[in-house]
Every structure is written in C-alpha cells, then in structure tokens.
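# Residue-level structure breakdown
This is what each chain is made of:
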Amino acid sequence: MTRDSGVWFSRMMSDSTLMKPFTSDQALSDLPTAGAIAKNNDAGIAQPPDAFPDMVFGIYRDQKLKAQPDIFSGPYGPVVSRAVADVLREADLGKTQLYPLKLCQHDRVRPVEGEYFTLALGEQKTAFVPEQSNRVKPLGNKPDTWITRGLKPADFDFVVSDVALGGPDLWVDPQLHWSLFLSDRLVKALRAAKLTRRFGLSKCKVIPA
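For the structure given in this document, a descriptive report is provided here. (Residues numbered from 1 in each chain as written. Predicted model: local features only at pLDDT ≥ 70, side-chain atom pairs only at ≥ 80, totals over all residues. Heavy atoms only, no water.)

Right, let's get into the environment of Q132. Checked against the element boundaries, Q132 lands in the loop between β7 (116-120) and β8 (136-139). The contact partners of Q132, leaving out residues within four places of it in the chain, are V159 and I207. (Helix = DSSP H or I, 4+ residues; strand = E, 2+ residues; numbered from the N terminus. Contact = heavy atoms within 4.5 Å.)

Let us look at the sheet that holds strand β2 (residues 22-23). A sheet is described by the order of its strands in space; here 6 strands give the open sequence β2-β3-β6-β7-β5-β4, paired in mixed fashion. A single partner strand is all that each edge strand has here, and the edge strands are β2 and β4 (71-74). Where β2 meets strand β3 (residues 55-58), 2 bridges bridge the pair, whose relative direction is antiparallel. Bridging across to β3, T23 finds its partner in F57. Those strands touched by helix α2 (residues 31-42) are β5 (77-81) and β7, and its axis lies near 70° from that of β5. (Pairing = 2+ DSSP bridges. Axes fitted to C-alpha atoms, helices over the stretch in contact; angles between N-to-C directions.)

Evaluated as defined, the whole model comprises 7 aromatic pairs. For the ring pair F72 and Y116, a centre distance of 6.2 Å and an interplane angle of 75° mean the geometry is edge-to-face. Remark: Y116 occurs in strand β7 and F72 occurs in strand β4; sequence separation between them is 44 residues. For F72, a relative accessible area of 1% corresponds to the buried category. Given the relative accessible area of 5%, Y116 is considered buried. Taken together, the aromatic side chains of F9, F128, F158, W171 and F181 make up a single cluster linked through ring pairs. The side chain of R89 reaches across the aromatic face of F117, ending 4.9 Å from its centre. (Phe/Tyr/Trp six-rings, centres within 6.5 Å; stacked < 30°, edge-to-face > 60°. Buried < 20%, exposed > 50% of the residue type's maximum accessible area, 1.4 Å probe, protein only. Lys NZ or Arg CZ within 6 Å of the ring centre and 35° of its normal.)

Helix length check: α2, at 12 residues, gives a terminal C-alpha distance of 16 Å against a target of 16 Å (1.5 Å per residue), a fit within 8%. Taken together, the buried positions of α2 are occupied by A34, I37, A38 and N41. For α2, the angular spread of the buried residues around the axis is 95°, confining them to a single face. Residues of α2 that are exposed and point over 90 degrees away from its buried face: P32 and K39. Where α2 is buried, its residues contact α1 (25-29), β5 and β7. (Expected span 1.5 Å × (residues − 1). Arc of directions from axis to C-beta.)

This is how it looks when you write it as structure tokens:
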C-alpha cells in the first residue's frame, strides 16, 4: 500500500548518546551468538521470538540506572518505551515485532523504572540512492554499503526512490549501515504523541525509481 509522500531517516542507531549500558546473560556467556542476533536485528532480518532475551541488566555494579529514553540502543538493537510501542502497534509493521523486555539494575533484581520492548526489526527496503545523497561514504571495503558521515543529516540530504513509499511503515535499507527509515504516516503519529525527540529525524528526498 502506498503511504503519504514523505520518507524519514532516523539516526538513532548511530547516536552514541542512545547506546545504553545493558547486557544479558547470553552476551556474557556466548558473545558470538548474541552479536549475531544484534547484527541481524540492525539489518532488519526477521528472527524468532526466542532469539531475544526477556531481561537485560546494567553492566556496571555501581551505576544506578534511571528511566530510559523512549527509544535507545540495547545489547540486541533498538528498545522502545511503552508509549512508542503503543504508536507502533497502530502502524503497518510487517514482520517487525515488539517483545516485552524487563530492564534491571546490575543485580538482575531491581527494575529500571518504566515499561520497555525490544524492537525486533524484520523489514527491509532497497530504496536508498547513495550517489545522489549527501553526508554518506562507502563503508570500508564494502562498495555496496554506505555509512552516514558526521552528525544528523539535514532534511533532503538523503535521497530514496519511491519504492520506499510502499509496504510497511518502518524498515531498514541494506545499502545504508545502521539505518532506520519511517513513513510519513508513522512520523505524524509519533509527533502527535510527542515522541519524536530522540529519533533524530531528517526528511528524505523521494525520486522516481
């Protein structure tokens, strides 16, 4: 289904202020498996529910963790608050899922204030147009993968084809490392709920495919 004419990029995955100090028993005992799950999630590859833990806890013994932002990066990828999850449930998420996630202090017992959900990303769209976009550069020796250069892109720095207008409201583009794209409809819903502040949004230019 074709959405509104706008497409938005979120830089939350590369925002260092949103990378929070949580870990899991699996990450401590089997880091390669935990890392593979996180990598697949960042890439928008759908995974079964049991791939994700139902509890993560603070890394540092002496750190008291307070309520977390409405969206942040946990050890397995994006985590969202109850408020954001409620908005996302009204959107077309396709194969993307929301799984309850308990956040605890380092002792694995005392909870962190708030309700949270793992954002298990499961949708990809190949629509990014790197040769017409600003503030991107090739990712190392991967000529088909790009990465953002510098801080938050300005509106219309990024160009996408109109392929992005169809399908789910939230997706990853495999051509752009650490990418998260949102439809205009979803951004409007998040704005109406006053939840966009930590998404780091910039509007994309949409061109014919």
